[in-house]
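Residue-level structure breakdown
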Amino acid sequence: MSVHVVADVHAKVAVLRTMLEQRYVITSELLNTASIPRGKLESIVVAADLTVVENIAALKAISARLARVPKRVFLIDGTGRLSVVQAYALGATHVLSNPVNQKQLLARLADTEAQAVSAVPPESGGSQEAASAGSASIAAMFSAALNGTAVDIAGTRDAGSRIADSVAENGLSDWLSTVRRHHEGTFQHCLLVTGIAVDFGLSLGLSKADVERLSSAAMFHDIGKAKIPLTVLDKPARLDDRERALIETHPVVGYDVLKESPGISPEILDAVRHHHEYLDGSGYPDGLCAAGISDLVRVLTISDIFAALVEHRTYKPTMSRQKAYDILLGMHGKLEKPLLHAFRDVALNR
Ligand SMILES: [Fe+2]
Ligand SMILES: [Fe+2]
């Protein structure tokens, strides 16, 4: 297999060649003159300092070509949250920080688990494009939340609709495999929740307008996580009490980010704030009980938990859909029973 390397300086190309040459055929270019060769490329590694304006401009110039490569690993300098978000906005499917070690990089490129979860069925081009557009939109939204600039409400809603169209056309299984194969972390999660919520809405026979409400709510639901440090958000081990408390601030943080945005609807704000509430009052942040939790939020919450369970992470095997559904069934009193039963077909078959 071949890997194409694009880097902002010669030294990075040399280091990457040394790391990868034993296993892959390497081609390379410098970023400022990069064109990305035509033809079938499976993977590309982009190594660039994303705090440099010229590098961002150069990557934008080749973004269409870049998007045709299924696996796009970005190596960024430092661990700044903005650079990570920037990398995803520029089309990364995976992001690693320099200095990267060889083992990490080879694992990302091989990532056999990701290939295993997507072994069947073959994914469609349409879902890959909808996922890339969705990921870029979520990245832009996170970046706006971090910078305190305006969130593109209409653009995010449109990206959600595109996902809805893709799921309606290609089915949920296709969506799950595409997203789990090509996206990671919070972006993967938000894309999965959106696809699952849409499919749940379709299976319930909801109107087009309601399915759009769901896709929008799902796209926005975890926007508050933009402000949670990645060391906590992506921690591969169990969270301590302090870290858990920090994560649990994200519904209110997200609500605060969005509440002044022109064009945001009250039901989306409600979904952002309340997607971790449970019918028995044991959820957060407001400890709502059944009567205070809307239908839209109930559908979103089931989709959210299921998505979190079936997420693909590099450090552990992916949970089966059956096991994830069994866990939902075991959450007595927290989720609406008839809805959960209706979810069975989405969880297991569609
Ligand atoms: Fe959440
Ligand atoms: Fe979530």
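The coordinates are above.
Keep in mind that this is a model prediction, so the values were computed, not measured.

Moving on to the coordination of the iron ion (ligand 2). For the iron ion (ligand 2), the full set of protein donor atoms is His189 (NE2), His221 (NE2), Asp222 (OD) and Asp304 (OD), at a range of 2.2 Å. Seen from the iron ion (ligand 2), its four donor atoms lie at angles of 81 to 169°, and the figure they make is irregular. Distance-wise, the iron ion (ligand 1) is placed 3.4 Å from the iron ion (ligand 2), both being coordinated by Asp222. Within this pair, whereas His189 is found in helix 10 (residues 185-203), its partner Asp304 is found in helix 16 (residues 295-310), the two being separated by 115 residues in sequence. Across the pair, exposure class does not vary: His189 and Asp304 are buried alike.

Let us look at the pairing of strand 4 (residues 71-77). Side-chain direction in a regular strand flips from residue to residue, so the side chains alternate between the two faces of the sheet. Of all seven residues in strand 4, six are buried; the element is thus mostly enclosed. Here six bridges tie strand 3 (residues 43-48) to strand 4, and the two strands are oriented parallel to one another. Paired with Ile44 across the strands is Arg72, a residue of strand 4. Pairing analysis gives five bridges linking strand 4 to strand 5 (residues 94-98), with the strands arranged parallel. Looking at the pairing, Ile76 lines up with Ser97 of strand 5.

All right, on to the coordination of the iron ion (ligand 1) then. The coordination sphere of the iron ion (ligand 1) contains the protein donors Asp222 (OD), His250 (NE2), His275 (NE2) and His276 (NE2), at a distance range of 2.1 to 2.2 Å. Angles of 85 to 175° at the metal separate the four donor atoms of the iron ion (ligand 1), which places the site in the irregular class. Of note, the iron ion (ligand 1) draws all its donor residues from one chain, in the sequence arrangement D-x27-H-x24-H-H. Relative accessible area serves as the criterion here: at 1%, Asp222 is assigned to the buried category.

This part takes up empty space enclosed by the protein. Under the defined criterion, the tally for this structure stands at one cavity of 30 Å³ or more. In this structure, the largest cavity encloses a volume near 60 Å³. Lining of the largest cavity is provided by Glu277, Tyr278, Leu279, Ile293, Arg298, Thr301, Ile302, Lys334, Leu335 and Glu336. Broken down by class, the residue content of the lining of the largest cavity amounts to five nonpolar, one polar and four charged.

By size, the foremost hydrophobic cluster in this structure holds 89 residues, and its most contacted members are Leu328 and Phe343. With ten residues, the single largest contributor to this core is helix 16. Looking at this core, you find at least three residues from each of domain 1 (2-110) and domain 2 (121-348). Sequence-distant contacts of Leu328, that is, excluding residues within four places in its chain, are made with Ile302, Ile305, Phe306, Leu335, Leu340 and Phe343.

So, on to the environment of Ala131. Turning to its location among the elements, Ala131 is positioned in helix 7 (residues 125-147). With relative accessibility at 0%, the residue Ala131 sits in the buried group. Distance from Ala131 to Gln188, taken between C-alpha atoms, is 9.1 Å for residues 57 residues apart in sequence.

With respect to the helices and strands, the residue Arg72 is situated in strand 4. What makes Arg72 buried here is its relative accessible area of 4%. In terms of polar contacts, Arg72 uses its side chain to reach the backbone carbonyl oxygen of Val69, at 2.8 Å. In this structure the side chain of Arg72 is engaged in a polar contact, spanning 3.3 Å, whose partner is the side chain of Ser132. Discounting residues that sit within four places of it in the chain, Arg72 has contacts with Ile44, Leu66, Ala67, Gly91, Ala92, Thr93, His94 and Ser132.

Counted according to the given criterion, the structure contains 16 salt bridges. Notably, a salt bridge pairs Lys40 with Glu42, separated by 3.5 Å at the nearest N-O pair. The exposure class of Lys40 is exposed, given its relative accessible area of 71%. Several salt bridges converge on common partners, so that one network encompasses Asp8, Lys12 and Asp77.

Here the focus is the side chain of His4. With respect to the secondary-structure elements, His4 resides in strand 1 (residues 2-7). Among the polar contacts made by the side chain of His4, one reaches the side chain of Thr27 at a distance of 2.6 Å. Polar side-chain contacts of His4 include one of 2.7 Å to the side chain of Glu29. Among residues more than four places away in sequence, those in contact with His4 are Thr27, Ser28, Glu29, Ile36, Pro37, Leu41, Ser43, Ile44 and Val45.

Cut-offs applied
- Residues numbered from 1 in each chain as written.
- Chains lettered and ligands numbered in written order.
- Predicted model: local features only at pLDDT ≥ 70, side-chain atom pairs only at ≥ 80, totals over all residues.
- Heavy atoms only, no water.
- Donors = N, O, S within 2.8 Å, 3.2 Å for Na, K, Ca; no water.
- Tetrahedral: all angles 85-135°; square planar, octahedral: opposite > 155°, others 65-115°.
- Helix = DSSP H or I, 4+ residues; strand = E, 2+ residues; numbered from the N terminus.
- Buried < 20%, exposed > 50% of the residue type's maximum accessible area, 1.4 Å probe, protein only.
- Pairing = 2+ DSSP bridges.
- 1 Å grid on protein atoms, 1.4 Å probe; cavity = no way out; pocket = protein on both sides within 12 Å on 5 of 7 lines; lining within 4 Å.
- Points joined across faces, edges and corners; volume = space filled by probe spheres on them.
- Nonpolar A, V, L, I, M, F, W, Y, C, P; charged D, E, K, R; others polar.
- Core = buried A, V, L, I, M, F, W, Y, C linked by side-chain atoms within 4.5 Å.
- Domains from an automatic or database assignment.
- Contact = heavy atoms within 4.5 Å.
- Polar contact = N/O pair within 3.5 Å; in protein donor to acceptor, adjacent residues only side chain to side chain.
- Salt bridge = Lys/Arg side-chain N within 4 Å of Asp/Glu carboxyl O.

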